[in-house]
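Each chain, letter by letter, is given below.
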Amino acid sequence: MDFNYTEEQLALQDTLRRFIARDYAFEQRRALAKSADGFSRPAWKTYAELGILALPFPEEFGGLNGNGVDSLLVMEMLGRGLALEPYLSTVILCGGLIRDAASTAQKEAILPALGAGELMLALAHFEPGGRHELDRVSTRATVSGKGLKLDGAKAVVLGAPAADKLIVSARDEKGISLYLVDAKAPGLALRPYPTQDGARAANMTFTGVEVDAAALIGSAGDALPIVERALDHANAALCAEAVGIMSALNEITLEYLKTRKQFGVPIGNFQALQHRMADMVIATEQARSMATLAAVRVDSADATERRRAVAAAKAYVTQSARLVGQQAVQLHGGMGVVDELNVSHYFKRLTMIGLSFGDADYHLGRFSDTLLAD
Amino acid sequence: MDFNYTEEQLALQDTLRRFIARDYAFEQRRALAKSADGFSRPAWKTYAELGILALPFPEEFGGLNGNGVDSLLVMEMLGRGLALEPYLSTVILCGGLIRDAASTAQKEAILPALGAGELMLALAHFEPGGRHELDRVSTRATVSGKGLKLDGAKAVVLGAPAADKLIVSARDEKGISLYLVDAKAPGLALRPYPTQDGARAANMTFTGVEVDAAALIGSAGDALPIVERALDHANAALCAEAVGIMSALNEITLEYLKTRKQFGVPIGNFQALQHRMADMVIATEQARSMATLAAVRVDSADATERRRAVAAAKAYVTQSARLVGQQAVQLHGGMGVVDELNVSHYFKRLTMIGLSFGDADYHLGRFSDTLLAD
Amino acid sequence: MDLNFTAEQRQFREEVRGFLRDKLPADLSRKVLGGKRMEKDDFVRWQKILHQQGWGAISWPAEFGGPGWNAIQQHIFEEECADAGAPMQLPFGLKMVAPVIMAYGSPAQQQRFLPRIVDGSDWWCQGYSEPGSGSDLASLKTRAVREGDHYVINGQKTWNTLGQHADWIFCLVRTSTEGRQQAGISFLLIDMKSPGVSVRPIIMMDGEHEINEVWFEDVKVPVENLIGEENKGWTYAKFLLGHERTGIAGVGRSKRELKKLKQIASVETANGRPLIEDQRFRDRIAQVELELMALEITHLRVVSAESAGEGKKGAPGPEASILKIKGSEIQQMLTELKMQALGPYALPYIEDGLNADWSGEPMLQAYGDHAAPLSGQYFNVRKTTIYGGSNEIQKNIISQMILGL
Amino acid sequence: MDLNFTAEQRQFREEVRGFLRDKLPADLSRKVLGGKRMEKDDFVRWQKILHQQGWGAISWPAEFGGPGWNAIQQHIFEEECADAGAPMQLPFGLKMVAPVIMAYGSPAQQQRFLPRIVDGSDWWCQGYSEPGSGSDLASLKTRAVREGDHYVINGQKTWNTLGQHADWIFCLVRTSTEGRQQAGISFLLIDMKSPGVSVRPIIMMDGEHEINEVWFEDVKVPVENLIGEENKGWTYAKFLLGHERTGIAGVGRSKRELKKLKQIASVETANGRPLIEDQRFRDRIAQVELELMALEITHLRVVSAESAGEGKKGAPGPEASILKIKGSEIQQMLTELKMQALGPYALPYIEDGLNADWSGEPMLQAYGDHAAPLSGQYFNVRKTTIYGGSNEIQKNIISQMILGL
């Protein structure tokens, strides 16, 4: 039982904090969000230099052997900075999937490049009308020559516009399988768009996209447990990001309560607002506890334990984030609802975190169902 | 569209208010709750004289042709007084059932006596393990000579200890039917007890209890829609009672906030408590609106409309009552949790109203299911 | 006690429906029901149509050109307009400055301004809040200095809604710094075309331009544009704020949006079945519907009491605060559920999706015609618990005015 | 960062379990797990057993007879005791007056009182609140007037828990009316057998006698029973209140009660199936479990930080307020759900049902062995958000001490 970061972790945290302060001030971020890429390629390079792109991968593939707690730390800092780079989709989600499920050859081909900042990935799994359910895959994989042909459509693929390669799920007679597909492959069409929080995503169609047999990740028909595990990693990371944002919002709101004057006194003198602020602090502390739980348990070899902790954390953190986000806006009054201040941007990101890879009700349901097995 | 009471209704309200103030002061009520009957027979006589025991019945059976709004008014006042008499079970629930489903002969035999205060009834329908569901009836009715024989058990029959006659549901090959049974019938055993709110109820067993064919209420096998309608009347009445209690609690709590001093000022000076009190008032006004809706729609000939309004009202009023009750206790601090003050008694009654004839989730479910038909 | 509408009221409702069927332009209702971006002309066109029918200002007394409807009729009208997807009638002229002009303006002001409000000629906006004066409105600093037959205005207003289209702005200005803050405030009508007035957009978190700052630099305003007496503006302002809050219950609009939510939940799917069959989500819809059912009756109770008698000309009582709090909360819940109903499709930000002529693209097909505006709506309506006197201020009003705390 | 217990900690847990298996009397655990009425002797017997093991006062430093456990060990011990159904160790002696005596008492006081607390000889109770002094404790009025080598006490205390069994009471009394209220308070230990002390029961809303008023009429208390300095009692009182709040998180107890809730929900039925299969009810259980999972880790974070170093002897920081708020809310949610799980069986009030030897009657069979205490528990724990500094006071502490508002 130990709730402390190691020396190395503290050093990394400090480095990231300074990076965010220097390279990710609010006005810089606004400009990035409006740029063509929607994020900073120099920042991505810096991430590579700092080692966080290689953090969660085994040493033998150029990684740093990081665990869920290391990712917690990084994601919390990226959350505070509202960083726009596709760290979650490339490193946590796709990198984690490759690490946990790919062949050695695939890992060698991907992980070092990914850690060096030379490769970006996106997971093309969810489909139109599929909501948050993992098994709603209609994209077909059919035999074609020595390889396969993919046909279908994918929806709201996070990080897709910048991705060099995609991990695509498709169904054949064996079930659902995962394939590594080049983003420039003929027959693959993208409709990119910004997301509500300033990131980038895309819908895409696959029309006879050819892949060779070596593109298969894991065993044929085995995609679902692989995707579920990767998404658990992503959701644990989102919890950490949310906690970073909530902490930042609390600091900003507290400062506002102390400086904004109405009726001749700082509005923080009003007890109703004081208690609201206390509620926000309590919610954030509790959310931090749950994010910690998820960060530790997501590495568990026991899938049930992993699923239970991540579902619990995502449901709870999303509920807490809703309270903190809504009240941070409310306590800022008019200043909370304008584009010009960072409060609304934190709020939008918090909201979208809650809706990504399963909303609070979805994860509450996942958790609730585990009670039947008790 | 008219939200006003008639002159007669206002007069009745006024009479009841004076009765409660004079005969139902808190100390009087405490003594009654501890008496053998658990309520006041003289009060019951007064109710007869005031006409409220005959209120919801047709004139031809000695009644006053009252409607759901009349019952709303009466129940709200009885709620304010925390009246212990089995008005709900005898008049609203069983009287309403007889009025809506019995034969003319049965009505003639029962309603005038009931209105005169000479007869008390109780509905023995729910069974052990049956929770709030209407169709969980295992009590058997088997043919025996010219009549029938009842065998089974009933649970938490409100008002049973004082009842002269019981309306009992039992199952035979035609389905579930209702029978009028003498409370003193051989083979009928009672285990009476007080309820948490100071009223009286009983569990009972039926061992070869004989009833003759004339005891059947309505058609054989037709009990469920009859019971559901009667329970809708009871639930609408409970909503009104809850609103009466909530109004009383708000007045008491407001007074306490104005008089109780801490830190040298009335605690009502603290904004957090002011806003809590505002929340209680808002909840009560909204609950009053829903109780009104139920009172009007419970008389509807359209069973779907009736069910929808009553389910909505019971769910919503119970939720509001939970907030108002819990916060009235909380704002009273230590004084809220002692037996000596009326606050805890109001709170206990509100809590039990919420758990009688279906809790908030049960009725939310009933209402939610109607959305599927929209 | 009767919750049914009378035969006359039902007939009135039919009349309103008939009018809407005949006269509400289909392109406008499509925009409204689809959550599309509204242009100035959309509002003006609809106001002119209503005016032609004699229904341009339903809450006005007959003497000023109102149709003479009672509160229940107004409620029915607003409910039907909302349901049919009629553009909202903006409150700044009709429900905010007009009652003040009627109650406190001179006959000349009444004749000059009121007809141009009801016929859609003048677009009004509000100049109340300032950067340092939000909930504490009385601390406002915009100065009006009398110079001959003019006031000269210097200062800055903010949270000005749709002032980019406005012909006129009604302003609270400081004409005195003596005594209590409230005692030095005047109520002034200012031509937006006056030299020295500038409007600067504030982009809201949904990315839309709905709000402005309005700056006054040596703006000359004729003394005849003063409402009532100098330094009595606070009285008129409070009168106006009371009027502002009643409309905010928004029962008709929320009923329409609840219908829309249910419709979305019947189209979106969960586990291959309509989302509405998912018990968790259905329960959430049910819960909002309960709130709205209750609010509708609470609203009608308040409205009936007003229509029954006293206080008709005065400002609505503190009951309005209950309507404002619940109305805004319900609006927020509804937009939140609509967004949640979209699942991952809540994430895309398709700016063009708010254009009237956008109706999805092949690649966004399953995104559906309904999805584009919904997350933005959720972000947009965070304002409703803040503006018009924040809900915290409303609770202060309840505890002080109703409860005497 | 590691959420797993070390091998030593796991072994320690086994040791505690073994002890509980061997030494916890079955009749006591049956009572606790069954929610039965506890008698004085139940508490005393268990305290003596613990003392024999050397575990009578686990939070005490070794110098005063504690086992020298760190905070994690204490947490494990409390969790295991709760899970096994050990009687709660009442805090009044062990966790409230004892730390004050250790920190501020004289060596003579320490030698006289502490051993009799840990071995179960003395039952302590608390004399803090007065009818006029609840949240505003410093306004207390009970007077202590020095007369020679005695104080003479007159006044009234209230919200005294289980004082009907007590040998001793620790009291805040007013020894001066000069200066700030806080500066005239002293901390006194009073023998309950002293002439002039009377205890009057306050019946709580669950019908039980747990709370008392304690009256003092010319009660003579030797000066040697004063803790620390005269008029410095407020310092000691605040020190004590900090200690009181940490225990209130009650994670171990709530985990046990969550288990019980699940067990009830697997026995009670809805639509003929175990209640836990009802999604609405199961979701409610799940929601409380989430809160409790979070609180357990928050609790461990606080405890680890304390155990890691500074502030070990000082009062716990304002984090304790978070634990108190969440802990009490969770307790209330759990009792509410247990009551709700009973359906109509929540209504009966079976006074005998709290007796250890009551196990249902034929006519109440389906009422079950578990039902009798549950509604009463719900009513009983309303107090938890009120006592030990109401949750409103805790939020004041958070906003003032943590946030600086």
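The structure presented is a predicted model; accordingly, all values stated were derived computationally and were not measured.

Things to note about the overall build of chain A
Then step 1. Helix and strand counts for chain A come out as eleven helices and ten strands.
Then step 2. Along the first, second and third principal axes, the C-alpha atoms of chain A reach 80 × 50 × 45 Å.
Then step 3. Burial analysis of chain A (374 residues in total) assigns 67% to the buried set.
Then step 4. A separation of at least 24 residues holds for 72% of the contacts in chain A among residues at least 6 apart in sequence.
Then step 5. When the accessible surface of chain A is totalled, it reaches about 12800 Å², and 52% of it is carbon and sulfur.

A closer look at the domain arrangement of chain C
Residue and element names in this part refer to chain C.
Then step 1. When its domains are assigned, chain C resolves into domain 1 (7-89), domain 2 (124-232) and domain 3 (249-401).
Then step 2. The C-alpha centroid of domain 3 is placed 31 Å from the C-alpha centroid of domain 2.
Then step 3. On the domain 3 side, the residues contacting the six residues of domain 2 number nine residues.
Then step 4. Here domain 2 meets domain 3 over a buried area of about 640 Å², counting both sides, of which 55% is carbon and sulfur.
Then step 5. Inspection of the domain 2/domain 3 interface yields one salt bridge.

Some thoughts on the interface of chain D and chain A
Then step 1. With 39 residues of chain D at the contact, the number on the chain A side is 40 residues.
Then step 2. Together chain D and chain A conceal approximately 3800 Å² of surface at their shared face, both sides included; 67% is due to carbon and sulfur atoms.
Then step 3. Considering only the surface of chain D that becomes buried against chain A, Met1(D), Leu3(D) and Leu405(D) emerge as the three largest contributors, covering 22% of it.
Then step 4. For the pair chain D and chain A, the number of links is four salt bridges.
Then step 5. Summed over the shared surface of chain D and chain A, the result is 17 residue pairs in polar contact (both at pLDDT 80 or more).
Then step 6. Looking at the side of chain D that touches chain A, the elements with two or more residues in it are α9 (279-308), α10 (319-341) and α13 (391-402) of chain D.
Then step 7. Ranked by residues supplied to the side of chain D that touches chain A, first place goes to α9(D) with 16 residues.
Then step 8. Looking at side-chain class alone, the side of chain D that touches chain A contains 18 nonpolar, ten polar and eleven charged residues.

Description of the environment of Thr6(C)
Residue and element names in this part refer to chain C.
Then step 1. Here Thr6 shows up in the segment before α1 (7-23).
Then step 2. The partly exposed category is assigned to Thr6, whose relative accessible area is 32%.
Then step 3. Taking the C-alpha atoms as reference points, Thr6 and Lys255, separated by 249 residues in sequence, lie 21 Å from one another.

Structural notes on the interface of chain C and chain A
Then step 1. Between chain C and chain A, the contact holds 47 residues from the first and 49 residues from the second.
Then step 2. Across the chain C to chain A interface the summed buried area is about 4200 Å²; carbon plus sulfur atoms make up 57%.
Then step 3. Sorting the residues of chain C by area buried against chain A places Met205(C), Leu347(C) and Met363(C) first, and these three jointly supply 19% of that buried surface.
Then step 4. Inspection of the chain C/chain A interface yields four salt bridges.
Then step 5. The residue Arg191(A) makes a salt bridge to Glu361(C) at a minimum N-O spacing of 2.5 Å.
Then step 6. Where chain C touches chain A, the interface holds 28 residue pairs in polar contact (both at pLDDT 80 or more).
Then step 7. Only β6 (197-203), β9 (269-270), α9 (279-308), α10 (319-341), α12 (374-380) and α13 (391-402) of chain C provide two or more residues apiece to the side of chain C that touches chain A.
Then step 8. Its residues assigned to classes, the side of chain C that touches chain A comprises 25 nonpolar, 14 polar and eight charged.

Concerning the domain arrangement of chain A
Residue and element names in this part refer to chain A.
Then step 1. Looking at the assigned domains, one finds that chain A contains domain 1 (7-120), domain 2 (122-221) and domain 3 (224-373).
Then step 2. With centres defined by C-alpha atoms, the gap from domain 1 to domain 2 works out at 23 Å.
Then step 3. Across the boundary between the two partners, domain 1 contributes 23 residues, which contact 20 residues of domain 2.
Then step 4. Buried area between domain 1 and domain 2, both sides added, is near 1400 Å², and the carbon and sulfur share of it is 64%.
Then step 5. Three residues, Leu97, Gln106 and Met120, lead the burial of domain 1 against domain 2; their summed loss comes to 33% of the area buried on that side.

Regarding the pairing of strand β3 (residues 147-158) of chain B
All names here are of chain B.
Then step 1. Taken together, the five bridges between strand β2 (residues 140-144) and β3 define a ladder with antiparallel strand orientation. For Arg140, the partnering residue across the bridge sits in β3 and is Asp151.
Then step 2. Remark: two residues form the turn of the hairpin made by β2 and β3, two consecutive strands paired antiparallel; Gly145 in that turn has positive phi of roughly 65°.
Then step 3. Relative to strand β7 (residues 200-211), β3 runs antiparallel, the two sharing eight bridges. Residue pairing across strands places Leu158 opposite Ala201, the latter belonging to β7.

Examining the packing of helix α7 (residues 223-259) of chain B against helix α8 (residues 271-297) of chain B
Residue and element names in this part refer to chain B.
Then step 1. Viewed as axis vectors pointing N to C, α7 and α8 meet at an angle of 160°, and their least axial separation amounts to 9 Å. On the basis of the axis angle, α7 is roughly antiparallel to α8. Where α7 crosses over α8, the handedness of that crossing is left-handed. On α8, the residues touching Ala236, Cys239, Ala240, Val243, Met246, Ser247, Asn250, Thr253, Leu254 and Leu257 of α7 are Leu273, Met277, Met280, Val281, Ala283, Thr284, Ala287, Arg288, Ala291 and Ala294.
Then step 2. In terms of residue class, the contact of α7 with α8 is made up of 15 nonpolar, four polar and one charged.

Comments concerning unusual backbone geometry
Then step 1. If you check the backbone angles, Asn65(A) has positive phi at about 60° while not being a glycine.
Then step 2. Within the secondary structure layout, Asn65(A) lies in the loop between α3 (41-50) and α4 (68-81).

Let's talk about the pairing of strand β6 (residues 188-194) of chain A
Residue and element names in this part refer to chain A.
Then step 1. Direction of pairing for β6 relative to strand β7 (residues 200-211): antiparallel, over a ladder of seven bridges. Across the sheet, the residue bridging to Ala189 is Thr205, located in β7.
Then step 2. In sequence, β6 turns back onto β7 through a hairpin of five residues, with Gly198 there showing a positive phi of about 90°.

Some words on empty space enclosed by the protein
Residues and elements named next belong to chain A.
Then step 1. Enumeration according to the criterion identifies six cavities of 30 Å³ or more in this entry.
Then step 2. Lining the second largest cavity are 28 residues, and of these Leu84, Glu85, Pro86, Ala199 and Arg349 sit closest to its centre.
Then step 3. Here the residues of the lining of the second largest cavity are counted per class, giving 15 nonpolar, six polar and seven charged.

Re the side chain of Gln330(A)
Then step 1. Positionally, Gln330(A) belongs in helix α9 (residues 303-331).
Then step 2. Taking relative accessible area as the criterion, Gln330(A) reaches 11% and is therefore assigned buried.
Then step 3. A polar atom in the side chain of Gln330(A) sits 2.6 Å from the side chain of Thr385(C).
Then step 4. Once residues within four sequence positions are removed from consideration, Gln330(A) is found in contact with Arg276(A), Arg382(C), Thr385(C), Ile386(C), Ser390(C), Asn391(C) and Glu392(C).

Overview of the environment of Asp283(D)
Then step 1. Tracing the backbone through its elements, the reader meets Asp283(D) in helix α9.
Then step 2. Residue Asp283(D) is classed as buried on the basis of its relative accessible area of 10%.
Then step 3. In contact with Asp283(D), not counting residues within four places along its chain, are Leu364(A), Ser368(A) and Arg280(C).
Then step 4. A polar side-chain atom of Asp283(D) sits 2.8 Å from a polar atom in the side chain of Ser368(A).

Things to note about the environment of Ser328(D)
Residue and element names in this part refer to chain D.
Then step 1. Following the sequence through the fold, Ser328 ends up in helix α10.
Then step 2. Along the primary structure Ser328 and Arg382 are separated by 54 residues, whereas in three dimensions their C-alpha atoms are 8.8 Å apart.
Then step 3. The residues touching Ser328, leaving out its near neighbours within four places in the chain, are Thr384, Thr385 and Asn391.
Then step 4. Looking at Ser328, its side chain comes within polar contact range of the main-chain oxygen of Lys324, at 2.8 Å.

Concerning the confidence of the model for chain C
Predicted coordinates in regions of low pLDDT should not be interpreted in detail.
All names here are of chain C.
Then step 1. Residue-level pLDDT values for chain C average 93, and 96% of them are 70 or greater.
Then step 2. For residues 310-315, every residue scores under 50 in pLDDT, and the model assigns this stretch five contacts once sequence neighbours within four places are set aside.
Then step 3. Among the prediction metrics, the complex's ipTM stands at 0.96, with pTM recorded as 0.96.

Here's the deal with the packing of aromatic side chains
Then step 1. The final tally for this structure, using the stated rule, is 54 aromatic pairs over all chains.
Then step 2. Measuring from ring centre to ring centre gives 5.4 Å for Tyr104(C) and Phe239(C), while their planes differ by 85°; the resulting arrangement is edge-to-face. Here the residue Tyr104(C) occupies a position in helix α5 (residues 91-104), and Phe239(C) occupies one in helix α7 (residues 233-247), the gap between them amounting to 135 residues.
Then step 3. Taking the relative accessible area as the measure of exposure, Tyr104(C) reaches 29% and is therefore partly exposed.
Then step 4. Measuring from ring centre to ring centre gives 5.6 Å for Tyr378(D) and Phe379(D), while their planes differ by 55°; the resulting arrangement is tilted. Side by side, Tyr378(D) and Phe379(D) carry an identical accessibility label, which is buried.
Then step 5. When the ring centre of Tyr151(D) is taken as reference, the NZ or CZ atom of Arg146(D) above it lies at 5.9 Å.
Then step 6. Here Arg200(D) stacks its cationic end above the ring of Trp215(D), 3.9 Å away from the centre of that ring.

Rules used in this analysis
- Residues numbered from 1 in each chain as written.
- Chains lettered and ligands numbered in written order.
- Predicted model: local features only at pLDDT ≥ 70, side-chain atom pairs only at ≥ 80, totals over all residues.
- Heavy atoms only, no water.
- Helix = DSSP H or I, 4+ residues; strand = E, 2+ residues; numbered from the N terminus.
- Buried < 20%, exposed > 50% of the residue type's maximum accessible area, 1.4 Å probe, protein only.
- Contact = heavy atoms within 4.5 Å.
- Areas by Shrake-Rupley, 256 points an atom, 1.4 Å probe, with all protein chains shown as cover.
- Domains from an automatic or database assignment.
- Buried area = accessible area lost by both parts, 1.4 Å probe.
- Salt bridge = Lys/Arg side-chain N within 4 Å of Asp/Glu carboxyl O.
- Polar contact = N/O pair within 3.5 Å; in protein donor to acceptor, adjacent residues only side chain to side chain.
- Nonpolar A, V, L, I, M, F, W, Y, C, P; charged D, E, K, R; others polar.
- Pairing = 2+ DSSP bridges.
- Axes fitted to C-alpha atoms, helices over the stretch in contact; angles between N-to-C directions.
- Parallel < 35°, antiparallel > 145°, perpendicular 65-115°, else oblique.
- Left-handed = near helix turned anticlockwise from the far one by under 90°.
- 1 Å grid on protein atoms, 1.4 Å probe; cavity = no way out; pocket = protein on both sides within 12 Å on 5 of 7 lines; lining within 4 Å.
- Points joined across faces, edges and corners; volume = space filled by probe spheres on them.
- pLDDT = per-residue confidence, 0-100.
- Phe/Tyr/Trp six-rings, centres within 6.5 Å; stacked < 30°, edge-to-face > 60°.
- Lys NZ or Arg CZ within 6 Å of the ring centre and 35° of its normal.

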